[in-house]
Amino acid sequence: MVRLNKNGGPKNPEKVDRLCASVWTSSLEGRTFQNKTHILPFAGRMLLNDSKKGPAHVQYRRPYGCAVLAMSDVLQTISELKEEKDFVLKVYTCNNENEWYQVHDNIIRNGNCLSPGLIISLQLLRGDMELVRRENPLIFTKGVAITRKLGFPDVIMPGDVRNDLYLTLERGDFERGGKSVQKNIEVTMGEGDSSGPCFPEYRSFVLYHNNSPRWSEAVKLPIPIDRFRGSHLRFEFRHCSTKDKGEKKLFGFAFTPLMREDGTTLSDDSHELYVYKCDENTTFSNHALYLGLPCCKEDVSSCPSIPSSLVFQRSSKETFWISTQLSSTKLTQNVDLLALLKWKAHPERVMDILGRLRHVSGEEIVKFLQDILDTLFSILDDNTEKYGPLVFQSLVFIINLLRDSKYYHFRPVMDTYIQKHFAGALAYRELIRCLKWYMDRSAEVVRQDHIQEAMRALEYLFKFIVQSRILYSRATCGMEEEQFRTSIQELFQSNVVISPVFLSVFLSFSFLSLPPFPPPAPLQDTSVQEEVEMMVESLLDVLLQTLLSIMSKSQSQEAVRGQRCPQCTAEITGEYVSCLLSLLRQMTDAHFQHLIENFHSKEELKEFLLKILCVFRNLMKLSIFPRDWNVMRLLTSHIILTTAQHLSPALHKNFAQSDFDFKVWNSYFSLAVLYINQPSLQLENLSPAKKKKVLDRYGDMRVIMTFQLFSMWQNLGENKIHFIPGMIGPFLGVTLVPQVELRNIMIPIFHDMMDWEQRKNGNFKQVEAELIDKLDSLVSEGKGDENYRELFGFLLEKIEQETWRETGTSFVTSVTRLMERLLDYRDCMKGDETENKKIGCTVNLLNFYKSEINKEEMYIRYIHKLCDMHLQAENFTEAAFTLLLYWELLHWEERPLKDFLHYPAQSQWHRKESLCRRVIHYFNKGKCWEFGIPLCRELAFQYESQYDYQSLSWIRKMEAAYYDNIMEQQRLEPEFFRVGFYGRKFPFFLRNKEFVCRGHDYERLEAFQQRMLGEFPQAIAMQHPNQPDEATLQCDAQYLQIYAVTPVPDSVGVLQMERVPDRIKSFYRVNNVRRFRYDRPFHKGLKDRENEFKSLWIERTTLILSHPLPGISRWFEVEQRELVEVSPLENATSVVENKNQELRTLISQYQHKQLHGNINLLSMTLNGVIDAAVNGGIARYQEAFFDKDYITSHPEDTEKITQLKDLMQEQVHILGLGLAVHEKLVHPEMRPLHKKLIDQFQMMRNSLCHVSLHELKEELPSLF
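Residues numbered from 1 in each chain as written. Predicted model: local features only at pLDDT ≥ 70, side-chain atom pairs only at ≥ 80, totals over all residues. Heavy atoms only, no water.

As annotated in an unreviewed UniProt entry, the chain carries the name Dedicator of cytokinesis 3 and comes from Oryzias sinensis. The Sequence similarities (unreviewed entry) field of the UniProt record for the chain holds the comment "Belongs to the DOCK family." UniProt annotates the chain under Subcellular location (unreviewed entry) with the comment "Cytoplasm". (UniProt positions renumbered as here; feature names shortened; annotations may be inferred.)

Encoded structure:
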């Protein structure tokens, strides 16, 4: 307690430090503690007001301030520290005392902060209370208060005794009592019984002038258990005044007993108590004067008629509310439970009391679990024959209650009770008798609910039986051991399906002398070895058969439902598996040897090996144990590995060479493959600390099993051929495990497979085909790593010594190249890569299957994968070309085809027809009708030959519609871009290669460059078109070199036909193109300052692609480069020729336009050519190449000069035609522009006529 001065500060600051201490006990992991827990220090005044009128000896508790600290804000801070940490809490006042009861709820919203604040120190102490006391003795020397959780913890362990009553003073309604102002009411609470009070009085705080005060004060009452009966709580109400001598005047009281007449405690609820009148002279020394009165409304019926002459009269207009919560492990509020715990008081009602146990709530049962169990076994000891069946049923009910997920965490409580508190040494006899009674009648009765309940409770029933027998043996030095074993044997022979609990109990009886998890060292005790041997003989085969039965049933249910319930399988199978693993773990070399020798024939041995190998395989496939049970999974793997090592000699000895049995060997190899690939053994996925721990204890069990597999393979001899090609895929899966030693062990097996097939067939086609197929599927599933590329290099070293090394080397080289492409494909598919990357990678892989490996089925699969990618990206033309690859593989014949991918079983003719229709449809969507028309004709020919005139009519109409589309619909000419990918950071299929890409509609160079940089965010754009040097090619970076290129069409003939519409020519200019050109201007020698065209050369690079565009991809690799230098004269000729073609095309488009239409493009083009010719352009060409000096010094260019002059004259002629069209279409407002063009055209024509051929003859007759 801190005394504050009038300014709100402490009077004695030096005494403030470490004034009080408290230890809260709770689970910090609980969400409730983190999210809802607050520390609420309250501050108060000790006087009624600040005046000095009140006497010094009278003290009142008054509300002053409140502070709140949310534990969620500080929990992380203190959990990381080992020492105390101070926290400053702001103290808030409440403006209205009537709202003080909810001040902590409204504190942030409307509280006023005081300046001083409050500092508290918090420290997190881990462990139970005993450990905390031992490790921190200094804390507990300060009179520290232990604050337990309000209510019960999640689990109440046996021996935890608690009896805390939490009472909250809620509110009251009181009369004014003839006063002009309302009262200042203080509540004094005390407890009393015949022996006097057991705790000091508690006084509430006082609210100023309030006849309806609301306190909401919670108080913990430490009342001993033995004082509850007969005790009561009394609440005295006093008016506090500073005027009447400063005394507190008593004006009423209320009371409530702590325990009802039936023995139950005060219920956890809100209670409205009656207020009785009294005065300050009243004494309560005689409790009987008021205890006979009703304390509340519910108590009126139990009280006799109340005479009016009593000392205390109830105030009908005054009431008082409290709420209580009892946290007790000994006192209950349930009548039925109380009757059970006090059964000796009414022994004649025991049968009824046991029957009513089922009506008690689960919360009450788990709260009083130890007392209930003690009571049940006490009743059983009292009269076994009479009460035995009912006690058994009650025990079954409680055990099954703990199976409920709501109370499942109380199972450790039951275990602790059985091990440390259970004392029923004779109980096992009755439990066995009752259990056998149920077992014997399991097949007789129709309704088996009670039998099923007993079966579900078997685990704990047997635990009670075992512990009871142990207690009896200790007390009697092992008497009646034979009778006990006989009763257990008879129980096992009862008419019921074998249960895993029976097996576990049987094992428990046999392992009583062994630790629960003994070390794997050989057991030296002869009696123990004999016990294990007996169990192997009697239980091992039964266990295997039972597990196989359950697993096959689970798999059949999976087939029916279409999905598996691993949780159900684990619940059913887990206990059996635990029994099997425990048994195998106890077996030594001698046990395994004795087991093998006991089989009378090889058929019996074969059947046993198949059973145990099948069970082990199912353990690898099914999730028997939860995912986070890593220790159990590793232990299981270790036991399976040890067992396999013990059984493998028997397999080699009995089923190799002449007695070879494929089924057993195949089962063994399948188990080994599953074992090596199981997720729990993939150490690469573990943290370094966990990996080291596993390696230190078990080693790398994958490597050990791989050595075992390799050893068994070597023992096969010529029988290896039986596993070709069946085991290639599984063994290849083993090599995909990222463990170098494991891979090195497996490589010779593939060499063996190739060698044995070469011996038998003269080739290894089967190994080749299977290896490629499985490699593709395994890598596509995400397996393999970068180091896997080097795997087959070791195989090459083995092959070098063989006679078939040439074909072998070729095959391994191809597989290595395939591996590189598959890994690129996998990386693209599994990452967030763009569609372009995925398409490019797929094209690369598809071409490899076609050109290098010739695997048609894989080739067709990737054709459809690529087609789907194009459709998703809306590349319809590319999708059509892709599907056309499959169409080309088929023939127009009736040979039947099996169902494949999404195609049904059908003839080649029908599949080719359906493909043709799809390809035509995609060409239509891509507006490439010219490519679809030949397919329409092909299909029409087939329909005509089949006399299918209806289909023929349909395809002819479609062909006609395509011609209409060509002439009527607008199509944009795409841009083309050359892209170079330089640096070792690019994927294999792009690295240091250059491609030409067909751009999207309306996509120009800048937009394309931004798109490429977006797809390769780590890349750096090169700012020059020069070829990169070797350092750039080999650096660990990404460089992109992008520039636009011009298509060089192959179909020159159609482009030169004048009568062909430009809509048709436009298609052939940009489609089916393999050659692309890029011009780089440069000046050779000194640059002519007056006319740069004289020295302007062109470096023309022609790129030849591997496939024409468009095709199965929007880009193709550059296959060949051609570099030529174009002289200034040739460049000028080319420029003028191209401009003439452009003008001719444009003018032809406007010749049939309507009058006064939009002719802006024509006007701009004519103006650009004529104006350039006047101000430069053609005039500059004349100065440069028609000059006397140039002609003299370049006699070899005579024909080219003549060609250039003819092209210029042709351009004048074309411009004249253009101006005539322009004059016809020009709007009257644009006539001035037309007149300007006419004038400039006359100047251009005159300038060309100035240097006529006649003048050239006169000046240089020798040239003519």
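A few words on the overall build of the chain. Along the chain, the regular secondary structure elements total 46 helices and 27 strands. In the chain, which comprises 1264 residues, the share counted as buried stands at 47%. When contacts within the chain are restricted to residue pairs at least 6 apart in sequence, those whose partners lie at least 24 apart make up 70%. As presented, the chain carries roughly 65,800 Å² of accessible surface, and 50% of it is formed by carbon and sulfur atoms. (Helix = DSSP H or I, 4+ residues; strand = E, 2+ residues; numbered from the N terminus. Buried < 20%, exposed > 50% of the residue type's maximum accessible area, 1.4 Å probe, protein only. Contact = heavy atoms within 4.5 Å. Areas by Shrake-Rupley, 256 points an atom, 1.4 Å probe, with all protein chains shown as cover.)

Take the sheet that holds strand E16 (residues 248–257) next. Across the sheet, which stays open at both edges, the 8 strands sit in the order E13-E12-E15-E16-E17-E18-E11-E14 with antiparallel pairing between neighbours. Of all strands in the sheet, those with a lone pairing partner are strand E13 (202–203) and strand E14 (214–221), marking the two edges. (Pairing = 2+ DSSP bridges.)

This part covers the environment of His271. You can see His271 is positioned in strand E17 (residues 270–277). Using a relative accessible area of 10% as the deciding quantity, one classes His271 as buried. Spatially, the C-alpha atoms of His271 and Glu298 are 9.7 Å apart, while their sequence positions differ by 27 residues. Those residues in contact with His271 that lie beyond four places of it in its chain are Leu266, Phe320, Trp321, Ile322 and Thr324. Within polar-contact distance, the side chain of His271 engages the side chain of Thr324 at 3.2 Å. (Polar contact = N/O pair within 3.5 Å; in protein donor to acceptor, adjacent residues only side chain to side chain.)

With that out of the way, let us pick up the side chain of Lys611. Inspection of the secondary structure puts Lys611 in helix H20 (residues 602–621). Here Lys611 is in contact with Asp541, Leu544, Gln545 and Leu548, once residues within four sequence places are set aside.

With that settled, the discussion passes to the confidence of the model for the chain. Summarising the model, the chain shows a mean pLDDT of 79, and 82% of its residues fall at 70 or more. Between residues 561–570, whose pLDDT stays under 50, and residues either more than four places distant or in other chains, the model counts 12 contacts. Taken as a whole, residues 1252–1264 scores under 50 in pLDDT and shows 13 contacts with residues more than four places along the chain or in a different chain. (pLDDT = per-residue confidence, 0-100.)

Residue Pro725 is bonded to the preceding Ile724 through a cis peptide linkage, with omega at 5 degrees. By the element assignment, Pro725 lies in the loop between helix H24 (701–714) and helix H25 (728–735). Omega for the peptide link from Leu1109 to Pro1110 comes to 0 degrees, which places this bond in the cis form. Relative to the elements of secondary structure, Pro1110 occurs in the loop between strand E26 (1096–1109) and strand E27 (1115–1126). For Tyr1002, which is not a glycine, the phi torsion comes out positive at approximately 65 degrees.

Our next topic: the packing of aromatic side chains. By the definition in use, this model includes 48 aromatic pairs. Ring plane angle 35 degrees and centroid distance 5.2 Å describe the contact between Phe599 and Phe608, whose orientation is recorded as tilted. On the basis of relative accessibility, which here comes to 4%, the residue Phe608 falls in the buried class. Ring plane angle 90 degrees and centroid distance 5.2 Å describe the contact between Phe1067 and Tyr1068, whose orientation is recorded as edge-to-face. Using a relative accessible area of 6% as the deciding quantity, one classes Phe1067 as buried. In textbook terms, an aromatic cluster arises when at least three aromatic residues are bridged by ring pairs, as seen for Phe660, Phe662, Trp665, Tyr668, Phe669, Trp713, Phe723 and Phe731. (Phe/Tyr/Trp six-rings, centres within 6.5 Å; stacked < 30°, edge-to-face > 60°.)

Another aspect to go through is the nonpolar core. Among the nonpolar cores identified, the biggest contains 179 residues, and Trp665, Phe669, Phe731 and Phe981 are the most heavily contacted of them. Leave out the neighbours within four places in its chain, and Phe981 touches Phe986, Leu990, Arg991, Asn992, Lys993, Phe995, Met1012, Phe1016, Tyr1039, Leu1040 and Trp1115. Counting residues in hydrophobic clusters, the runner-up holds 60 residues, among them Ile365, Phe397, Tyr417 and Tyr472. (Core = buried A, V, L, I, M, F, W, Y, C linked by side-chain atoms within 4.5 Å.)

Turning to its location among the elements, Leu1109 is positioned in strand E26. On the accessibility criterion, Leu1109 (0% relative accessible area) is buried. Beyond its immediate sequence surroundings of up to four residues, Leu1109 is in contact with Phe976, Val996, Arg998, Val1070, Asn1071, Asn1072, Val1073, Phe1076, Arg1114, Trp1115 and Phe1116.

Moving on, we get to the pattern of salt bridges. All told, the structure shown has 45 salt bridges when counted by the stated rule. Put simply, Glu430 and Arg433 hold a salt bridge, and the shortest N to O gap is 2.3 Å. Here Glu430 and its partner Arg433 are both found in helix H12 (residues 427–440), 3 residues apart, which amounts to about one turn of the helix. For Glu430, a relative accessible area of 6% puts it in the buried group. Here Glu973 makes a salt bridge to Arg1069, at a shortest N to O gap of 3.3 Å. (Salt bridge = Lys/Arg side-chain N within 4 Å of Asp/Glu carboxyl O.)

Listing the buried residues of helix H11 (residues 411–421) in full gives Arg411, Val413, Met414, Thr416, Tyr417 and Ile418. Tucked into the core, H11 has its buried residues touching helix H9 (369–382), helix H10 (384–401) and helix H14 (458–476).

For any two helices packed against each other, one specifies the crossing angle of their axes together with the interaxial distance. Where H10 contacts H14, the axes come no closer than 9 Å and their chain directions differ by 125 degrees. Between H10 and H14, the angle is such that the two are oblique. Judged by the twist between their axes, the crossing of H10 over H14 is right-handed. Along the contact surface, H10 presents Phe392, Leu395, Val396 and Ile399, while H14 presents Tyr460, Leu461 and Phe464. (Axes fitted to C-alpha atoms, helices over the stretch in contact; angles between N-to-C directions. Parallel < 35°, antiparallel > 145°, perpendicular 65-115°, else oblique. Left-handed = near helix turned anticlockwise from the far one by under 90°.)

Judged from the 7 bridges that link them, strand E21 (residues 976–982) and strand E24 (residues 1039–1048) form a sheet pairing that is antiparallel. When the sheet's bridge partners are listed, Gly980 is paired in E24 with Gln1041. Of the pairings in the sheet, the one linking strand E23 (residues 1020–1021) to E24 comprises 2 bridges and is parallel in character. Bridge pairing in E24 places Ala1021 opposite Leu1040. Sheet topology note: the E24/strand E25 (residues 1073–1083) ladder contains 3 bridges and is antiparallel. Bridge assignment links Thr1046 to a residue of E25, and that residue is Arg1077.

This part is about the environment of Val335. Among the structural elements, Val335 can be located in helix H6 (residues 335–341). When its relative accessible area of 47% is taken as the criterion, Val335 is described as partly exposed. Sequence-wise, Val335 and Thr265 are 70 residues apart; in three dimensions their C-alpha atoms are separated by 9.7 Å. In this structure Val335 touches Asp262 and Thr264, once residues within four positions along its chain are discounted.

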